[in-house]
There are 4 protein chains.
Amino acid sequence: MKAGRQVRVTVWNENVHEQREESVKKIYPRGMHTPIVDGVRRELGGDVTVRVATLAEPEHGLTDEVLDETDVLTWWGHAAHDQVSDDVVERVHARVLAGMGLVALHSAHKSKIFMRLMGTTCNLRWRSDPGGEREVVWTVNPGHPTAAGVPQPIVIPHQEMYGEFFDIPQPDDLVFISSFEGGEVFRSGCCFTRGLGRIFYFGPGDQEFPVYHQPEVQRVIANAVAWCADVARANDEPTTRTGNAQRNWYLDGD
Amino acid sequence: MKAGRQVRVTVWNENVHEQREESVKKIYPRGMHTPIVDGVRRELGGDVTVRVATLAEPEHGLTDEVLDETDVLTWWGHAAHDQVSDDVVERVHARVLAGMGLVALHSAHKSKIFMRLMGTTCNLRWRSDPGGEREVVWTVNPGHPTAAGVPQPIVIPHQEMYGEFFDIPQPDDLVFISSFEGGEVFRSGCCFTRGLGRIFYFGPGDQEFPVYHQPEVQRVIANAVAWCADVARANDEPTTRTGNAQRNWYLDGD
Amino acid sequence: MKAGRQVRVTVWNENVHEQREESVKKIYPRGMHTPIVDGVRRELGGDVTVRVATLAEPEHGLTDEVLDETDVLTWWGHAAHDQVSDDVVERVHARVLAGMGLVALHSAHKSKIFMRLMGTTCNLRWRSDPGGEREVVWTVNPGHPTAAGVPQPIVIPHQEMYGEFFDIPQPDDLVFISSFEGGEVFRSGCCFTRGLGRIFYFGPGDQEFPVYHQPEVQRVIANAVAWCADVARANDEPTTRTGNAQRNWYLDGD
Amino acid sequence: MKAGRQVRVTVWNENVHEQREESVKKIYPRGMHTPIVDGVRRELGGDVTVRVATLAEPEHGLTDEVLDETDVLTWWGHAAHDQVSDDVVERVHARVLAGMGLVALHSAHKSKIFMRLMGTTCNLRWRSDPGGEREVVWTVNPGHPTAAGVPQPIVIPHQEMYGEFFDIPQPDDLVFISSFEGGEVFRSGCCFTRGLGRIFYFGPGDQEFPVYHQPEVQRVIANAVAWCADVARANDEPTTRTGNAQRNWYLDGD
């Protein structure tokens with residue numbers, strides 16, 4: 001994160017499970033977005049401003065005005081991926097390519113926006129045992145900014161299993177790999193650049209377990225926000241407006 | 001290319017410029033696909049069978065039956081990207097993720113299928129000088145199979161300029177970089193894996209210049225076909241059908 | 001592997017544990033190299049010729065003459081890394097950069113040649129429980145040639161634990177990730193290109209357990225040999241002999 | 001660069017050409033390191049402290065004490081690569097793996113430390129025309145922090161030609177590609193991570209031309225310094241000291 005620049009974060013939450021399932025309401029009485037917001041604020045302090053947006057709001061809370069003021073968007077969705085409007089997806093997609101960061105959390109692997117950016121099915125193995133199983137998250141790139149201050153390993157006592165093969169493009173940088181009690185492995189911390197924007201996928205987090213209350217998990221999400229915000233302002237927009245410039249155009253006036 | 005396995009290639013051509021522009025008809029009287037087919041046959045001989053499909057055919061010649069018999073699809077399009085039906089695009093997309101190779105040629109950077117797989121705008125700089133300008137194609141990964149038998153550099157006397165920034169995900173392997181007389185550079189030979197399938201983007205080739213008649217260019221395309229065909233038959237389909245398997249499922253019956 | 005070209009493989013084995021430890025002799029009475037050779041022959045058949053070389057031979061069996069006739073070298077070492085002469089290491093290093101493949105097995109992560117090529121410490125976590133622990137090897141790149149015909153997952157009943165952080169450069173392609181009973185994970189199948197040569201690191205295999213007798217493990221090693229052999233003959237040697245060529249040298253005589 | 005943390009930079013210069021060649025002395029009367037220092041200070045201001053070290057000093061100015069206080073080291077060498085002591089090279093190598101950044105400039109591609117980290121020959125094409133030739137540096141990753149504030153393209157009027165094939169491992173991120181008047185191309189801005197440390201190679205800069213006086217070139221070097229400094233403090237040292245920990249060690253006392 002650049003010194004002297006405040007990062008504007010929008011935490012997006014589908015916020016559906018929390019409304020209709022008692023088990024989830026108990027763990028996340030104020031919505032899953034609340035501990036996410038708390039963690040980002042605790043870790044990044046005055047360097048960020050954070051707002052929340054949810055599916056139920058008009059345009060899912062992701063109007064042009066909101067996105068104009070968003071440097072990094074975090075995304076949690078699961079039960080209602082299909083209810084996200086295609087217009088909003090295209091809008092967010094364009095913003096990411098123009099430099100807005102995206103932190104995709106857990107089941108966001110099947111969100112329209114993540115699949116749109118990856119170009120693949122983003123399918124994976126999964127198992128929902130009652131009670132879940134232990135996930136152990138290992139850092140495989142300890143110098144990477146998203147691993148700063150994160151213990152080796154992070155132990156998540158109860159979690160839904162997500163396993164390989166995870167159908168994503170090979171990440172530009174792979175930072176975390178998880179194992180599960182059942183023996184499966186998962187590329188759980190993946191960095192991508194698309195257009196001018198950075199994308200971080202992070203596996204941990206399920207509505208049935210209090211994963212987002214865990215400080216180490218919050219730390220990774222905050223790190224991911226800071227990393228996604230650390231992009232250059234484009235010196236070259238990926239548009240065709242420069243098409244058919246005259247030869248040696250860049251020498252003129254130089 | 002695996003010993004003992006014949007690669008089935010479908011050469012797809014939009015075949016629009018050749019029908020309506022005299023200048024193009026002169027260079028490619030039998031369509032741009034013809035020298036592409038000739039080159040693949042000359043270089044790969046009995047290791048391949050080649051068929052042609054074009055936009056004007058029903059389902060653009062890319063029916064399920066044809067794709068069932070296609071290991072690698074080459075794609076040239078430019079004037080009529082929008083006329084390619086979304087259904088066909090989704091069908092081809094699914095096939096690539098399931099292991100079919102795709103060789104995207106020149107202006108195919110803006111084809112629906114390539115943009116769908118990349119997840120980005122795939123925009124680039126370009127310049128169409130009458131007479132074109134010299135493109136020099138440099139190998140930056142000389143051990144890569146797509147560079148086999150290719151001179152260092154390939155000189156293309158007259159070509160449309162394609163330049164950076166080219167808005168694609170960072171390639172898994174970068175094999176060729178071109179320079180142009182005007183001083184621009186271009187990542188002109190890019191390898192990607194998406195799902196189980198391999199994708200090769202190759203920059204040279206324009207309807208206004210006889211680029212596809214050049215044996216070195218044909219050689220690269222043939223190499224790309226062979227490289228795209230060299231994928232393993234999946235041991236793990238990227239579907240969710242294995243979701244919620246019991247813990248230690250892989251030990252049962254092992 | 002190219003049709004019509006026979007790959008010449010040299011299986012190198014330190015062959016020290018087998019001579020001095022009864023427990024190892026029992027598992028590998030004819031040396032660890034024997035099941036490796038058997039596996040490569042069974043899987044690749046007439047496409048390969050295989051020879052063996054060991055530490056005790058003059059120049060460790062890796063004379064210029066032998067290397068002249070080697071397309072791919074497999075390497076197992078552990079107890080005697082320091083006894084490998086620096087001259088031989090430099091000789092092998094130069095060959096890899098010139099296009100010879102290298103398959104580095106298990107404890108070869110600390111061999112002089114592997115560290116020389118990687119430029120890092122190649123250190124890792126490890127644990128040698130008596131009896132070992134279960135390793136489960138997952139394919140994370142199912143279209144990659146090194147995964148061909150490999151079950152998802154491979155189960156290795158007893159194995160020494162190798163875990164992250166494994167101090168290697170980020171692989172060009174990551175194909176396998178292992179988990180261990182203790183919960184650790186390991187990037188156990190890693191592809192690198194250095195110069196014109198391909199390198200494959202494969203984690204499984206320890207002198208105390210019969211891992212190299214397992215057909216799935218042999219299959220991966222054979223796949224790796226074939227993949228390492230699939231390099232282009234250089235069109236551009238990485239030497240300085242072309243230094244100071246005149247401008248437009250590549251147009252002369254074209 | 002992290003807010004609130006001052007980056008300590010050591011600018012290392014061989015400083016040999018400047019002493020013995022009039023042509024160089026004229027361009028760089030106070031040594032090539034001076035405009036490099038000036039540029040880093042101008043761009044990064046109070047966020048950095050900068051010191052200079054040169055070959056002629058005891059231990060080349062790179063004692064343990066100096067390295068203890070160095071977050072990022074920039075390196076320029078050419079005429080005297082061989083005079084750099086192997087001890088110093090090993091010391092710097094260990095520091096990079098432990099997290100110190102390295103910015104390797106121009107002919108530093110053949111420095112012992114850069115070749116040691118890369119594991120390859122690092123050879124390239126080159127041409128020293130009297131008067132040099134124009135280099136045009138294109139950004140191919142416009143969101144990358146090293147491209148921040150850099151014009152598209154940078155034009156360097158007179159420069160020695162460096163061209164492909166450049167025998168380096170494929171960079172983790174490729175940010176700049178140059179073309180030269182003679183038509184050659186060069187991967188001139190390359191990012192690598194080795195161990196915990198970041199390495200940036202930047203092509204422009206030659207003793208015969210005033211390249212390091214150019215503000216855009218200084219800007220890239222300053223960006224590279226900031227990017228190299230942006231690493232996490234290790235949560236997992238790449239040492240074997242954790243070898244043979246008991247199973248589930250990470251659960252004990254957690």
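About the thresholds
Residues numbered from 1 in each chain as written. Chains lettered and ligands numbered in written order. Predicted model: local features only at pLDDT ≥ 70, side-chain atom pairs only at ≥ 80, totals over all residues. Heavy atoms only, no water. Helix = DSSP H or I, 4+ residues; strand = E, 2+ residues; numbered from the N terminus. Rg over C-alpha atoms; globule rule 2.2 N^0.38 Å. Buried < 20%, exposed > 50% of the residue type's maximum accessible area, 1.4 Å probe, protein only. Contact = heavy atoms within 4.5 Å. Areas by Shrake-Rupley, 256 points an atom, 1.4 Å probe, with all protein chains shown as cover. Lys, Arg positive; Asp, Glu negative; His and termini not counted. Charge placed at Lys NZ, Arg CZ, Asp CG, Glu CD. Buried area = accessible area lost by both parts, 1.4 Å probe. Salt bridge = Lys/Arg side-chain N within 4 Å of Asp/Glu carboxyl O. Polar contact = N/O pair within 3.5 Å; in protein donor to acceptor, adjacent residues only side chain to side chain. Least-squares fit on C-alpha atoms with pLDDT ≥ 70 in both. Pairing = 2+ DSSP bridges. Axes fitted to C-alpha atoms, helices over the stretch in contact; angles between N-to-C directions. 1 Å grid on protein atoms, 1.4 Å probe; cavity = no way out; pocket = protein on both sides within 12 Å on 5 of 7 lines; lining within 4 Å. Points joined across faces, edges and corners; volume = space filled by probe spheres on them. Nonpolar A, V, L, I, M, F, W, Y, C, P; charged D, E, K, R; others polar. Expected span 1.5 Å × (residues − 1). Phe/Tyr/Trp six-rings, centres within 6.5 Å; stacked < 30°, edge-to-face > 60°. Parallel < 35°, antiparallel > 145°, perpendicular 65-115°, else oblique. Left-handed = near helix turned anticlockwise from the far one by under 90°.

**Quick word on the overall build of chain A**
Stage number 1. Counting secondary structure elements, chain A contains seven helices and eleven strands.
Stage number 2. In terms of overall size, chain A behaves like a compact globule, its C-alpha atoms giving a radius of gyration of 19 Å where 254 residues would be expected to give roughly 18 Å.
Stage number 3. Judged by the C-alpha coordinates and their principal axes, chain A covers about 65 × 40 × 35 Å.
Stage number 4. Here chain A holds 254 residues, and 67% of them are scored as buried.
Stage number 5. By sequence separation, contacts in chain A at least 24 residues apart represent 72% of the contacts at least 6 residues apart.
Stage number 6. Surface summary for chain A: the accessible area is close to 8300 Å², and the carbon and sulfur share equals 47%.
Stage number 7. Here chain A carries 25 positive and 36 negative side-chain charges, and the mean point of each set is 2 Å from the other.

**Considering the environment of Ile199 of chain D**
All names here are of chain D.
Stage number 1. Position of Ile199 relative to the elements: it lies in strand E11 (residues 197-202).
Stage number 2. Residue Ile199 is classed as buried on the basis of its relative accessible area of 0%.
Stage number 3. What Ile199 contacts, discounting residues up to four positions off in sequence, is Val96, Leu102, Phe114, Leu117, Met118, Cys190, Cys191, Phe192, Arg194, Trp227 and Cys228.

**Points about the interface of chain B and chain A**
Stage number 1. At the interface, 43 residues of chain B touch 43 residues of chain A.
Stage number 2. Of the roughly 3500 Å² buried at the junction of chain B and chain A (both faces included), carbon and sulfur atoms supply 46%.
Stage number 3. Summed over the shared surface of chain B and chain A, the number is four salt bridges.
Stage number 4. Between Arg247 of chain B and Glu133 of chain A there is a salt bridge, and its shortest N-O distance comes to 3.7 Å.
Stage number 5. On the surface where chain B and chain A come into contact, there are 14 residue pairs in polar contact (both at pLDDT 80 or more).

**Things to note about the relation of the copies chain A and chain C**
Stage number 1. For the pair chain A and chain C, the best superposition has an RMSD of 0.0 Å and corresponds to a rotation of 180 degrees with a translation of 0.0 Å parallel to the axis. Both copies of the chain, as the preceding transformation shows, are related through a two-fold rotation axis. Of every C-alpha in chain A, the one belonging to Ser179 of chain A sits nearest the axis of rotation, 3.1 Å from it.
Stage number 2. Interface overlap between copies: 100% of the residues of chain A at the interface are likewise at the interface in chain C, consistent with a symmetric, same-surface contact.

**Things to note about the sheet that holds strand E9 (residues 173-180) of chain A**
Residues and elements named next belong to chain A.
Stage number 1. The mixed open sheet is built from nine strands, whose spatial order is E2-E1-E3-E4-E11-E10-E9-E6-E7. This sheet does not close on itself; its edge strands, each paired only once, are strand E2 (48-54) and strand E7 (154-159). In this sheet, neighbouring strand axes are inclined to one another by 20 degrees on average, regardless of whether the strands run parallel or antiparallel.
Stage number 2. Note that strand E6 (residues 133-139) and E9 share five bridges and pair antiparallel. Paired with Val136 across the strands is Ser179, a residue of E9.
Stage number 3. Where helix H7 (residues 215-229) meets the sheet, it contacts strand E1 (7-13), strand E3 (72-76), strand E4 (101-105), E7, E9, strand E10 (185-194) and strand E11 (197-202), and its direction lies at approximately 165 degrees from that of E11.

**Concerning empty space enclosed by the protein**
Stage number 1. On inspection of all chains with the given rule, the structure shows eleven cavities of 30 Å³ or more.
Stage number 2. There is about 600 Å³ of room inside the largest cavity.
Stage number 3. As for the largest cavity, its lining consists of 38 residues, of which Asp172 of chain A, Gln170 and Pro171 of chain B together with Pro171 and Asp172 of chain D are closest to the centre.
Stage number 4. For the lining of the largest cavity, the secondary structure elements donating two or more residues are E9 and E10 of chain A, strand E10 (185-194) of chain C together with strand E9 (173-180) and strand E10 (185-194) of chain D.
Stage number 5. Across the lining of the largest cavity, the residue classes tally to 17 nonpolar, seven polar and 14 charged.

**Topic: helix H3 (residues 33-44) of chain D**
All names here are of chain D.
Stage number 1. With twelve residues, H3 should cover 16 Å at 1.5 Å per step; its first-to-last C-alpha distance of 16 Å lies within 8% of that length.
Stage number 2. On the buried face of H3, the contacting elements are strand E1 (7-13), strand E2 (48-54), strand E3 (72-76), strand E4 (101-105) and helix H7 (215-229).
Stage number 3. Remark: Gly45 follows H3 within two positions and exhibits a positive phi of approximately 50 degrees.

**Some remarks on the sheet that holds strand E11 (residues 197-202) of chain B**
Residues and elements named next belong to chain B.
Stage number 1. Strand order in the open sheet formed by nine strands is E2-E1-E3-E4-E11-E10-E9-E6-E7, and the pairing between neighbours is mixed. Two strands in the sheet have a free side with no partner beyond their single neighbour: strand E2 (48-54) and strand E7 (154-159). Each strand axis lies, on average, 20 degrees off the axis of its neighbour in the sheet, ignoring direction.
Stage number 2. Helix H3 (residues 33-44) rests against strand E1 (7-13), E2, strand E3 (72-76) and strand E4 (101-105) of the sheet, and its axis sits at about 170 degrees to E2.

**So, the interface of chain A and chain C**
Stage number 1. Every contact between the two is made by 22 residues of chain A and, on the other side, 22 residues of chain C.
Stage number 2. Around 1700 Å² of area is buried between chain A and chain C when both sides are counted, 63% of it from carbon and sulfur atoms.
Stage number 3. For chain A, the biggest contributors to the area lost against chain C are Trp138, Gln170 and Val185 of chain A; these three give 31% of the whole.
Stage number 4. One can count zero salt bridges joining chain A with chain C.
Stage number 5. Where chain A meets chain C, there are eleven residue pairs in polar contact (both at pLDDT 80 or more).
Stage number 6. The element best represented in the side of chain A that touches chain C is E9 of chain A, accounting for five residues.
Stage number 7. Along the lines of polarity and charge, the residues of the side of chain A that touches chain C split into nine nonpolar, seven polar and six charged.

**What to know about the pattern of salt bridges**
Stage number 1. A full pass over the atoms with the stated rule returns 66 salt bridges over all chains.
Stage number 2. The partner of Asp68 of chain C in a salt bridge is Arg95 of chain C, with the nearest N and O atoms 2.8 Å apart. Note that Asp68 of chain C is positioned in helix H4 (residues 64-68) and Arg95 of chain C in helix H5 (residues 86-97), a separation of 27 residues in sequence.
Stage number 3. Its relative accessible area of 48% is what places Asp68 of chain C among the partly exposed residues.
Stage number 4. Counted as one network, the salt bridges with shared partners bring together Glu59, Asp64, Asp68, Arg91 and Arg95 of chain A.

**Observations regarding the packing of aromatic side chains**
Residue and element names in this part refer to chain A.
Stage number 1. Tallied over the entire structure, the rule returns 56 aromatic pairs over all chains.
Stage number 2. With a centroid separation of 5.3 Å and 55 degrees between ring planes, the pair formed by Phe166 and Tyr201 is classed as tilted. Of this pair, Phe166 sits in the loop between strand E8 (161-163) and E9 while Tyr201 sits in strand E11, placing them 35 residues apart in sequence. Comparing Phe166 with Tyr201, the two get one shared label, buried.
Stage number 3. Three or more aromatic residues joined by ring pairs make a cluster, and in this case those are Phe114, Tyr162, Phe166, Phe186, Phe192 and Tyr201.

**Let's talk about the packing of H3 of chain D against H7 of chain D**
Residues and elements named next belong to chain D.
Stage number 1. H7 packs onto H3 with a crossing angle of 70 degrees between their chain directions and a minimal axis gap of 8 Å. It follows that H3 is roughly perpendicular to H7 by the angle criterion. Two packed elements cross with a definite hand, and for H3 against H7 that hand is right-handed. When H3 is examined against H7, the residues Pro35, Ile36, Gly39, Val40, Arg42, Glu43 and Leu44 are found in contact with a partner set consisting of Pro215, Gln218, Arg219, Ile221, Ala222, Val225 and Ala226.
Stage number 2. Residues that form the contact of H3 with H7 fall into these classes: nine nonpolar, two polar and three charged.

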